[in-house]
Structure formats: structure tokens, C-alpha cells
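# Structural overview for review
Spelled out, the chains give:
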Amino acid sequence: MDKTWVRLHPLSPEFKDVLLGFLNHAIEVASFDGTIKCPCINCKNQLWQTMEVVEEDLSVDGMLDTYLKEPWVWHGETFEAWVEGNEQGLQEATTEDPPFHTDGGIETMLDDLYPGVRDTTEDPPNGNVPPPLPPDDVRRFYELLEETNKEIYPGCQKMMKMEFLVKLVEHKCKYGISEVALNSILLLIKCILPKGETLPENFGHAKTLVSKFGLKYENIHACPNDCILYRGDYHNLQKCPTCNEERYQPDDGTRKKPIPHKVLRYFPLAPRLKRLYMSRHTAEDMRWHATERQNDGHLRHPADSRAWKHLDTKFPDFGGEMRNVRLGLATDGFNPFGNMSTSYSTWPVLLTVYNLPPWLCMKQPFIFMSLLISGPESPGNDIDVFLQPLIDELKDLWDNGIDTYDAFRQETFRMRAAVIWTINDFPAYANLSGWSTKGYLACPICNYDTESERLDNCKKIVFMGNRRFLPMDHFFRHHTVSFNLCTEFRAPPVPLTGAECLACFSTLNFTYGKPRSPKVGEKRPRAPPQADSPWKKISIFFKLPYWEHLLIRHNIDVMHVQKNVFDSVVGTLLGIPGKSKDSLNARLDMKKMKIKEKLWPAESGPLPMGAYSILNREKELFCKVLAVAILPDGLASNIARKVHVKERTIHSLKSHDCHIIMQQLLPLAVRNALPPAATVLMLELSRFFRHLSSKKGTEESFHKLTTKITLILCQMERMFPPSMFDVMVHVMIHLAEEAALAGPVQLRWMFPIERYLHTLKEYVRNRNRPEGSIAQGYIIDECLSFCAMYLGDTDTSRSRPKLNCDGVYREVEGGLDCFRGGGRSLGAAEDFLLDNKDWELARSYVLTNTHVSNLEQRKFVANAQKNKGRKVSMMQAENKALADFPEWYAAHVNGLKLQGDPSATEDLVALANGPSKLCKRFKKYVSNGFRFKVRGTGQPGKTQNWGVFIQAEQTSYASTNDQNPKDGMVDFYGALLDVYEFTYNPDRKVVLFKCDWIDSLRKGRGLQRDEYGFTLVRFDKCIPIYRDPFIFASQALQVFYVEDPEDPPWHVAVKTQPRDLFDVSSTNEYDPCDEQDIQYATGDTDEVPLRFDV
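Report follows, based on the coordinates.

Reading guide: rules and limits
Residues numbered from 1 in each chain as written. Predicted model: local features only at pLDDT ≥ 70, side-chain atom pairs only at ≥ 80, totals over all residues. Heavy atoms only, no water. Helix = DSSP H or I, 4+ residues; strand = E, 2+ residues; numbered from the N terminus. Contact = heavy atoms within 4.5 Å. Buried < 20%, exposed > 50% of the residue type's maximum accessible area, 1.4 Å probe, protein only. Expected span 1.5 Å × (residues − 1). Polar contact = N/O pair within 3.5 Å; in protein donor to acceptor, adjacent residues only side chain to side chain. Axes fitted to C-alpha atoms, helices over the stretch in contact; angles between N-to-C directions. Parallel < 35°, antiparallel > 145°, perpendicular 65-115°, else oblique. Left-handed = near helix turned anticlockwise from the far one by under 90°.

Further remarks concern the environment of Pro601. Topologically, Pro601 is positioned in the loop between α19 (584-593) and α20 (616-628). Residues Pro601 and Arg587 lie 14 residues apart in sequence; the distance between their C-alpha atoms is 6.1 Å. Residues contacting Pro601, with those up to four places away along its chain left out, are Leu584, Arg587, Leu588, Leu607 and Pro608.

All right, on to helix α6 (residues 105-113) then. Within α6, 7 of the 9 residues are buried, which leaves the element mostly enclosed by the surrounding structure. Buried within α6 we find Gly105, Ile106, Thr108, Met109, Leu110, Asp112 and Leu113. Buried residues along α6 sit against α7 (135-148), α8 (161-175), α11 (270-278) and α27 (770-788).

What follows concerns α8. For α8, built from 15 residues, the straight-helix expectation of 21 Å at 1.5 Å per residue is met to within 8% by its first-to-last C-alpha distance of 21 Å. Residues of α8 that are buried include every one of Lys161, Met162, Glu163, Phe164, Leu165, Val166, Lys167, Leu168, Val169, Glu170 and Lys172, and no others. Turning to α8, the residues buried within the fold contact α6, α7, α9 (179-192), α10 (203-210) and α27. Following α8 by one or two positions, Gly176 adopts a phi angle in the positive range, close to 65 degrees.

This part is about the side chain of Asp838. Of note, Asp838 is situated in helix α28 (residues 836-848). The class for Asp838 is buried, based on a relative accessible area of 10%. A distance of 2.8 Å separates a polar atom in the side chain of Asp838 from a polar atom in the side chain of Lys994. When near neighbours in sequence (up to four residues on either side) are disregarded, Asp838 contacts Lys994 and Phe1030.

This brings us to the packing of helix α22 (residues 676-692) against helix α23 (residues 699-719). Between α22 and α23, whose axes approach to 10 Å, the crossing angle comes to 150 degrees. Classed by the angle they form, the pair α22 and α23 counts as roughly antiparallel. The way α22 lies across α23 gives a crossing that is left-handed. Of α23, the residues touching α22 (which contributes Ala677, Ala678, Leu681, Glu684, Leu685, Phe688, His691 and Leu692) are Phe702, Leu705, Lys708, Ile709, Ile712, Gln715, Met716 and Met719.

And the structure:
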């Protein structure tokens, strides 16, 4: 039977003719009491229906997809006839990979892991062949190949043994099944399998087989006091030569082998980097930075940065090979037990690969754990002892490289690698760099030129020399009263170069190891006196030949800086005990320093109010804004639970919550709660972090941010007490300059590292041996992640789609733009019959916003306006033409079709005739990286995913008699009411959002802007729903609305950006308000800003 007619438009004459013939034939040969099986999507050949019902079902719903691929036995087609008519298709189908080997299968994975062992049918280009493998690798390949080709039982074709075992290990890891339970399940499966089954006896054997696809790690014994590693010259020692501590724990006679006091687990780097090139799934991505990256002067990736290019220029032999690997090194400690009352700290050392695209290089499958340093104590400055094997390997990878097979180019090359910087919090910055981040010289960028002062009453060191970073002619340099009573004409500090750092080490003397724990009755040994120098050790990284030449060696982590600044600022504004920097001691320090005299404490009564001080009512208003803010899914946790309005306090916020509040909610909270000067200051502080965290920028834009943060800190210095300015507030002044050197902070901050530490914590099963559990879990997860690329249905962090992934992009060859687009529905679809009014509105919107029909519409409207009557206005003529256009266009296109005009394509005919009124309706839909939910669904009061924003072209008339209307872009804000999927024919679908739009056409009615530039909307002033409620799902951007407690009908609209969407061509920066004049926020006079309205 000919089945091509099923794909025709159901309203076309051809479809109706062939459908009638199909039904008549079925009635003749396959009917029962005048009825036949209905093969539509809903009936599924299960119901007997009359010919008329089947005709209607197939026209509206379409035929069941699976029935299209089978013989139509319910409608008179024999199996033999179907085979004969589909012989070519069957032959093609048998040559395809089976469905569970959609990405190559395990044999393909073995060919990638052991290239060149088996002969291939294709000769590699230029005669390049993979390097010969050692005999052990060849033997291992054939052993794995034999296991791979084994059947689970004789005759089993659905799944082979090795694939089953991989999935078994996957399910154990995914669902946390114990080995005991899995052993029982395995035995139960073996009981029901036929004779000759080949499954292992227990899970231990299964794990052993699967782990052969993974990589190994080494156990290196360490001194319990972190003095040495027992490797190299110390390999056979039984005692530490530095502290004389025993290598092994005392033996009670029951142990088969001695147990070391401390173990370092080392995961060699080179084999893991080689796999990235040996796998056909990642080899091409490793070249992205050189072949796919846009070179337009914008910073989107570390490869765009001056730091990357400087290394390539300094070492052209390294930079000349695009496949040489650039790495970032990160480390931090975490408690593997998840119990913060337990003092235990495990330190992994992680490496990220920057050759990959920005959407991959900080994702967990491409973060390699290189070292796992055992607890219970932090290694501190002795971390260099544990870094030795990694540094030795990195040095070898730089000096000699390693032969690597490139599966993309099918050739062997010598791969080299370099660590271009480290990523860490501020304490770990000191441990890795050797520069102490405590004391008077705590800033490693300002180094010896750091300006600091100790506050005797607050007992802390503060850093207030921010005017040094201003232009030399700035008027703040001449002010004295509002600063430190002195003018400031010094130049800003200059960071130390690598050569200058090495020169400082010449007189440094440092011994690794912690003081030995005293025995019972023995006094604790006194630590040796430290030299009065900020350098506490010679960093082991300087053993790398290129390290001293790097422009930036250690990054200041934006995540921790932002968290500390947020705690200081919000704690001071709300007066939170323990976090506020404004206290009696702070005021006494001002008095001792003889600055800000009007803020000195009086002998009795409350403290004088500064420009930053707010009343209790204003504090409640501040907290209320945060408490009523309902955010989209995944943007942050439920912040309202952590805000106490009556107590006027906030507590237990995570770093990401602080990130969201600082950048998006803080401006809303302060707009009505703070005095004007303090409000402007907080708005610009929020704007600074928002633009610093952008995924795209330029060196010029980051230099401007440095100027901006300098002014912000100077204004804060005029306004806030000196106790505010600890080192974490001070280092803000260096963040933008680091971004100008190294690129966006998105790829250099600790957020992905902290998430990865949480993953490592989940590996802990044996609480007596947490590091052993982590190492085993990491190896298994690494193995499964690699297998997932070849087994398409394996669920791992590499194969699992992201939370708001749009899904498969619909691309129809030669199709119209309206039928293309991504997006995916969530949850079950509902069949819905649209009424005539909504159908006409949807049809009209698609015609207006499809390029080919929009051109005809413009001509149609222009002609109508040109030929309008004398008493008809331009607006009336346009409205009448827009209403008449769909029917005219349908008649016009159908006429072209009848004439045989080739321009009347199948798509054009479908577009002109409109969709079926029977559509699919969804409650949830993902588009453009946003998760949308129809208003009223989900958890009321917990999430808000129904806010929609679109910028659209609008024709504006000054009046009904206006003869010269103007076209312009208008911002529309709305609420999502429904999601419809319209079917034009079985292959042509369009998803539309139906929204309730705020009236933004009449000024001040439904939309207005306040004095700071915030956009406010009110939902009781909307455009009538019958006007134009529809937009394409692909056009929708997401906003959320926060109620204004001072004027409840109004809500502040805040635009959001998708978290995992990297649009390398976009420059969108969504600010909730306008840029403020920070330079004159507190005036231009040399006076301390105070609050005079109370």
C-alpha cells in the first residue's frame, strides 16, 4: 500500500481523496458489521468505528506512528505485500546499529580506548597510524572484547553481557543500592535465566569487569604530620626523617598487613587527558577554543583573554599546537560526613580542562580529581607536600609531553599540558601561593604596598586606601574630613611579577610538617619563630618552568568575596548581631582616629544615625520584600524561609542565595527602605557584581567596572564606619582587573567546584574510610560517564539532560521559519478543542510573524490603506485589513496550488489554511533555557514560572485620525495562561503561549518606571484577552514579579537569564533599574554624609 498520503495536509484535496479510497478498501476486505479498526493516535486499532468516525479521527488526530512502520493488517494489507513494498527500507534498517547501541556500543568504545589493535576498513589520512600499544594493553583489549561479545544466555540478542553489567553498576550508583541487596537481585536473575547463562556470581565480580574500562589510582603513604610522602628516596622508610613519626599504625597482631597513618590517593592526569582525544565523542570538542571560538574582541572564554595569549606568545612551541591542554587547578576542604559538628576536613585537588567550550569546561564529567588528601586536619601550607606527584607529572607533560592518538584527525601527536591558574577561596589562596592572606599585608595584589590599619576596639585590621585607585585629578583625592583627614596623591600599587616573587624567596627558609602531637605527660612543642614576612613558603608551582611568566597565577574567588560583602553590607543595614559592622566599638574607633566626629557615641543615649542607618519600620520593609519574593524554579532556594520580618533579620543563607539576593533582589529591597544616597550606593554595588558575573565582556568594559567599584568603595568609605573594610571588601577593587586579564568569572569561580564537592560527599558509604569510599565512587562514576557516551541510554551526569534543556531542535528541511524551533513539554498533554475566536487569533498571529506571509500582509495592509474611503481612518483601514487577511491569503495560496505554481509548497499551503482546531495543551514547557509553568500550576507561593516578557514591534497612532503612524519596539510584560501545540500537518507543528499582557501602550496605566528606573506593572490593568494574547514559545523570555509592599497593586518586574545557556552572539544584560550617578551620590563636598530626615 502507498502510505505517503498520511503526511499530506489533512485539509488538502489529495489527502481527502486517498483517505476515502483507503476507507472503502478497508470496508470491503476488513470490516465487521460495517465497522473497521480505527488506526488514529487515540484509538490505536483497539476500537471498531464506523467509516465516518474513522475519517474524522484520521483527519483531526492523524495516524498512529507505530502503525506506519507495520503492515496494515487491520485494513487489508498482507505481510508478504508489505515486505515486498518495503524491501529496501528493511535492508537499510538491518544495517543500522541496534537501538541500545545508538552511540557506537562497547566495541566502538574498545576501539577508541585501544586504537590500532584491530584492523580498520578505512586507512587513516596521510598514513598516520596509532602508536603501537604495549603487549599488556593488547591482551587486555582481547579479554574485554571477549567479555563484550558474550551473550547473557544462549540466543539472547537484546543485550550482551558487558552492557548488562554496565547498566547494573549504573543502577547501583543511581539508586544507592547496597552490595548485599544487589547480590540477592543478581542471584534471583540468574535463577530465572536459561541454562548456560554467563552472569557473574556476585556484584564484586561485576564491578571488577566494569572497572576494567576505567582508570586506576595510586595509594601513596604520607607522614601523619604532613612532612613527607613515602615515594622516591623515601619509598622504603619506616619512619619520617623529619618528625620521626612511624609510617604505620601499631600492629595488634590481628592484621594481615600494616595500615599506614595517612594515605594520599593520586589519580594520574595524563591517561585522563589522553582519553579526551582518543574518544570520538570528545576529540573535536578539545579543538573548540581554536576552531569554533569567535574572534571579535569579546571575552567569552579563557582563550579570548590576555593571560592565555601571553602564554602562547611567550612559548610559541606550546601555543603553536592547538591540541595542547590548558588546565585550571582548584582545591578546597569539605567535611565528608555532612555533620558540621564533626571536625574533619578532606581536601581533593581538581583540574578543569579549558580547551573545551564554555558550556562544558566547568561541568562535572570534565572536572578531574587528581589528588585526594586525607583528613582529619587541613594540610594548610603543607599542601605542597601532597602536590609533589602532580607537579612532577605536570612538569613532565610540559617538558616532554606524551604521545596521544587524536580520534578526530586520526593521527598521533605529542600532547603537552599547562596549568594556567588556580581557583580557590581566600585561605586556600594563601596555602597555594605562599603569601599570607592575614595581617597588615593580607592583600596579595597590593602586596608590600598594602595600606592597612588596626582598630584597637574592634580588634581587627582594615583596608581603606581606596582613593589610590582613582584618577589623579579626582576631587576625592583632595578631601580630608570625609576620609582619613589626609589628602591622597599616591599611585595605585603594582602587582608583583613572577620574577619579583622568586627574588623574594631567596632569603626564605621553610620546613614542611606540623608540630608533633605531644604524648601523655609531655609538653606541647613550641612552634619555631616565623620570619616577619608575608611569604610563608616557596610555592611548589614555581617548579613549573612557565609559572613565573603567567600574568595571573591565582584567582581571587568572586563567589566567596560576594558572600562576605553581602553579609557585611546587609548585616550592617539590618543591625544583625554578629554581622553588623556598626557597633559601639566601631564608633569608639572612629573617635580614636578622630574621623567622622558627628558619628561619635554620646555619653548616653543611642548612637547617632549615619547615612546608612535605617529605622525599624524600614528594616521590616527591607525584609518584607525578600519574604514576598517568589522566584522561578532553580533560581535559588526558598529564601522566604530564611527571612524573619518581625525580628528584622536574615540567617542561614547559602552562597548561591547570597548571589541571587545581591544581584537581583537587593535593589528591590533597598529602593524604598534606605535613604536616597545609600540606595544609589547599594544599587550600583549590585550592578557591579551583576556585570562582573556576565558570561561575555570586553577588556574595556571590565576596566570601566574597575573605575566604578573604586568610586563605590570611596563612597562607602565616606559613609560607613572603618570596621566595614576588611580584606574581603578591599579585594573587590581587584576583581574586574582580573576579569580583564583572564576572562569571565563564570569559568574561574568556586560555584561549580563547590557543587562537585557535594557530589564527592555523596560517594561516602563507609564512614570509617571516607576517602576510600570517595576514591572508589569517583573511579566507578568516571567509568560510567565514559561508557555513557557509547551507550546512548545510560543515565549519568554526562548523558543526563540539563534541568532546562530545550530538547531536540525541530528542523524541517525546506520548511518555513514558524515550523522550526526548540522547546519541550513537561508532563502529560491534554487534547483541547479551541474555540473559533482563539483559533482565529492564533492563526492570525502565526501569519503575522512568519516572514513569507508577513511580506504579503504588509502589501495587503498598504493597499487597503491606499484605497480606503475618505471617511475611513488609517487605523480603521489597517484593522479591517488585518482581520480580512487570513481568508484572503488562504484563497490566494490555494489558487496558486491549483494553478501548479511551484511557490505554493506544502508548507505554504498548510500555513495559509491554518491549523487543526484540535490541539495539545500543556501546563509546563521549556523554551530558551527557561522553565515556564501556566499560572496557577505548581506549588502556590513557592515558585513563580509564569512571568513572560517579549519585545515586539508595534505601530502607534497618535489618534484615530493620525495619517503618519510610527513603528517602534515596545516591551510587553505578562502572565502565562496556556501553552498550545497546533498541528498544521503531521510534521508541521507550532507551539504558542497564550498570555495575559499588561497594558504598556497607555503611559502610566499598567506600566511605569520609578525614579531609579525600576519597571513596575499592575495586573488589574491588562490588555483585553481577545485582542492579541499569543506569542511563539521561542520568543518568550522569563521575568518574575515582586510585589511592592508600599503600593501593593504594583509589582516590580525583574528579568532573568537562563543558567546553562551560552549564547556566544548575545550581549543581553538585564538590569532591574537604570545606572545611577555614583560619583555624586553623597555630594561633592568634603563632608561626612549623615541622615537628617530623622
